[in-house]
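Structure assessment
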Amino acid sequence: MKSPRSKKIKKKKVSITLPEWEGEMLKVYAKEHQTTCPAAVHKMVRQTLRQFRSERNALAKAEPKNQLNIFDSIQVDIFNNTSKTSE
């Protein structure tokens, strides 16, 4: 029986082309961070995608201001106070 971790992760290979000055800056960045150029690019892409995902999730969770909220559930307590229920 195979464990769930034995599944191999598929990797996408991406090729990029940089102008000469950006290539030089990448070399300097990699040298300062004591890593290779491909590893530095991989780190930059992962950081940017994580930031993008968190921003996108925050936007998706935010309720649009132009909604009427006509289907919201309202609770009324014994003191006649109303509150919106969250699901």
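These numbers were taken from a predicted model, which means no experiment stands behind them. (Residues numbered from 1 in each chain as written. Predicted model: local features only at pLDDT ≥ 70, side-chain atom pairs only at ≥ 80, totals over all residues. Heavy atoms only, no water.)

**A look at the overall build of the protein**
Counting its regular elements, the protein contains two helices and two strands. Listing the helices and strands of the protein from first to last along the sequence gives α-α-β-β. Burial analysis of the protein (87 residues in total) assigns 5% to the buried set. Approximately 9400 Å² of the protein is accessible, and the part contributed by carbon and sulfur atoms is 56%. (Helix = DSSP H or I, 4+ residues; strand = E, 2+ residues; numbered from the N terminus. Buried < 20%, exposed > 50% of the residue type's maximum accessible area, 1.4 Å probe, protein only. Areas by Shrake-Rupley, 256 points an atom, 1.4 Å probe, with all protein chains shown as cover.)

**Here we look at unusual backbone geometry**
Residues other than glycine seldom take positive phi values, yet Gln34 does so here, at roughly 50°. Its place among the elements puts Gln34 in the loop between α1 (20-32) and α2 (37-61).

**Comments concerning the pattern of salt bridges**
Counted by the stated rule, this structure contains one salt bridge. Glu24 is the partner of Lys27 in a salt bridge, and the nearest nitrogen-oxygen pair spans 3.8 Å. A residue pair is termed a helical-turn pair when its members lie 3 or 4 positions apart in one helix, as Lys27 and Glu24 do in helix α1 at three residues. Under the relative-accessibility criterion, Lys27 is labelled partly exposed at 48%. You can call Glu24 partly exposed: its relative accessible area is 40%. (Salt bridge = Lys/Arg side-chain N within 4 Å of Asp/Glu carboxyl O.)

**Things to note about the confidence of the model for the protein**
Mean pLDDT over the protein stands at 82; residues scoring 70 or higher make up 75%. Here strand β2 (residues 82-84) stands out as the element of the protein with the lowest mean pLDDT, 66, in contrast to α1, whose mean of 96 is the highest. (pLDDT = per-residue confidence, 0-100.)

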